[in-house]
Amino acid sequence: NLFENILDGIIVVSPTGTIIQINESAKDMFYVQDTERKHLRISELLADHDSTETYQNREIKIARKGELRYFSVSQSTIEDYGIQLGKLIIIRDFTDIRIADEEKRHLQSQLQKAQKMEVVGGLAGGVAHDLNNILSGIISYPELILLHLPKDSPLKKPIKAIQESGMRAAEVVADLLTIARGVAISKEPSNLNSIVEEYLASPEHHQIRQTHSFINFNHSLDPDLLNVNCSKIHITKALMNLVINASEATQGISGTVTISTKNQYLDEPLSGYEQVRPGEYTVLSVSDDGPGIAS
């Protein structure tokens, strides 16, 4: 009863490697039928599975009923007055222990990342607070000065430049606050096509076109693109960085950089990004025909 009902797999093997006895747990682990046992050798039973050798033990990985199971295999010699009669092999399922250990390592890694982000967020939040106090004057006072200047004043242009620089600095501060909070707090319904068109008309993009005059910049925008709820500042900055990277990827030769948008439905989570659930999405992509990165 103990031999047949114990949860561990037990196999008794002859000195030549033939299986003499195998209990129900071992049959279930290796899908052995009673009709196969008489002609089955232990080397055949253990040969077709991924395994790792350890001291006096062997770990085996088996695909079972659509999931991986992990087993440890240990053996001892059966002797009678110094004569070897065979071997006793014990197989133990340690899948739950293995999964729990992997989950523990994953949680520890997530905790370390969270702790690092908490430190970085605290620093970013403090810096952002100080910068906001400084920038409030740079942004607000030019507006007051402009109200009192004549329309034809030569000071208007440089003062507006100061104000616009302050506004861009405020956007950098918004980035720091995003790091501090872990998420952009200012979101609004937007269309990616509008964001792309505004970026294409911006001084920053014109500067990139001048710097990379040998590149042909194209765009292909889906006219039926769905709206999204997003932070326009961060989408624009991501787009700008992607275009800069794509431009630099041409390595000084002629090429093409293309900005495109489209709707896409995901019927399963995106591989590697399980938080991206199935559903309707819009896609913004930047591609180039540069040489790429050697693998």
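Rules used in this analysis
- Residues numbered from 1 in each chain as written.
- Predicted model: local features only at pLDDT ≥ 70, side-chain atom pairs only at ≥ 80, totals over all residues.
- Heavy atoms only, no water.
- Core = buried A, V, L, I, M, F, W, Y, C linked by side-chain atoms within 4.5 Å.
- Buried < 20%, exposed > 50% of the residue type's maximum accessible area, 1.4 Å probe, protein only.
- Helix = DSSP H or I, 4+ residues; strand = E, 2+ residues; numbered from the N terminus.
- Contact = heavy atoms within 4.5 Å.
- Pairing = 2+ DSSP bridges.
- Salt bridge = Lys/Arg side-chain N within 4 Å of Asp/Glu carboxyl O.
- Arc of directions from axis to C-beta.
- Polar contact = N/O pair within 3.5 Å; in protein donor to acceptor, adjacent residues only side chain to side chain.
- Phe/Tyr/Trp six-rings, centres within 6.5 Å; stacked < 30°, edge-to-face > 60°.
- Lys NZ or Arg CZ within 6 Å of the ring centre and 35° of its normal.

> How should I be thinking about the nonpolar core in this particular structure?
I11, F30, I42, L45, I89 and I91 are the most contacted members of the largest nonpolar core, which totals 18 residues. Of all elements in the fold, only β1 (9–13), β2 (19–22), α2 (24–30), α4 (42–47), β4 (57–64), β5 (67–80) and β6 (83–93) reach the threshold of two or more residues within this core. What I89 contacts, discounting residues up to four positions off in sequence, is G9, I10, I11, V13, I42, V73, S74 and Q75. By size, the runner-up hydrophobic cluster in this structure holds 12 residues, among which are L239, A246, V257 and I259.

> So what exactly am I meant to see when it comes to the pairing of strand β10 (residues 255–266) here?
One face of the sheet, then the other: side chains in a regular strand alternate in exactly this way. Both strand β8 (residues 215–220) and β10 contribute to a ladder of 6 bridges, which runs parallel. Bridging from a neighbouring strand, I215 pairs with G255 of β10.

> Would you explain the pattern of salt bridges in this entry?
Pairs can form between side chains of opposite charge once their charged atoms are near each other. Counted by the stated rule, this structure contains 6 salt bridges. Among the salt bridges present, the one from R98 reaches E102, with a minimum N-O distance of 3.4 Å. Of this pair, R98 and E102 are both found in helix α5 (residues 95–148), 4 residues apart, which corresponds to roughly one turn of the helix. With a relative accessible area of 27%, R98 lands in the partly exposed category.

> Looking at this structure, I do not really get the environment of I62. What am I missing?
Along the polypeptide, I62 turns up in strand β4. The exposure class of I62 is buried, given its relative accessible area of 3%. Spatially, the C-alpha atoms of I62 and F30 are 8.4 Å apart, while their sequence positions differ by 32 residues.

> Honestly, helix α7 (residues 192–200) in this entry has me stumped. Any pointers?
Each α-helix turn comprises 3.6 residues. Residues three or four places apart therefore point the same way. Burial in α7 covers these residues: L192, N193, I195, V196, Y199 and L200. For α7, the arc enclosing every buried residue in end-on projection is 160°, short of the 170-degree limit, so these residues lie on one face. Backbone nitrogen of N193 and a side-chain oxygen of the N-cap are separated by 2.9 Å at the start of α7; the cap is N191.

> Sorry if this is basic, but what is going on with the packing of aromatic side chains here?
Aromatic ring pairs are reported here in terms of the distance separating the ring centres and the angle at which the planes meet. The full count for this structure, using the stated rule, is 2 aromatic pairs. Both rings, one in F30 and one in F71, keep their centres 6.4 Å apart while their planes meet at 35°; by these two values the pair is tilted. Placement of the pair is F30 in helix α2 and F71 in strand β5, with a sequence separation of 41 residues. Plain terms: the ring middles of Y70 and F94 are 6.2 Å apart, the flat faces sit at 50° to each other, and that makes the pair tilted. Of the two residues, Y70 is situated in strand β5 and F94 in the loop between β6 and α5; the sequence distance between them amounts to 24 residues. No difference in accessibility class separates Y70 from F94, as the two residues are buried. Over the ring of Y70 we find R98; its NZ or CZ atom is 4.3 Å from the centre of that ring.

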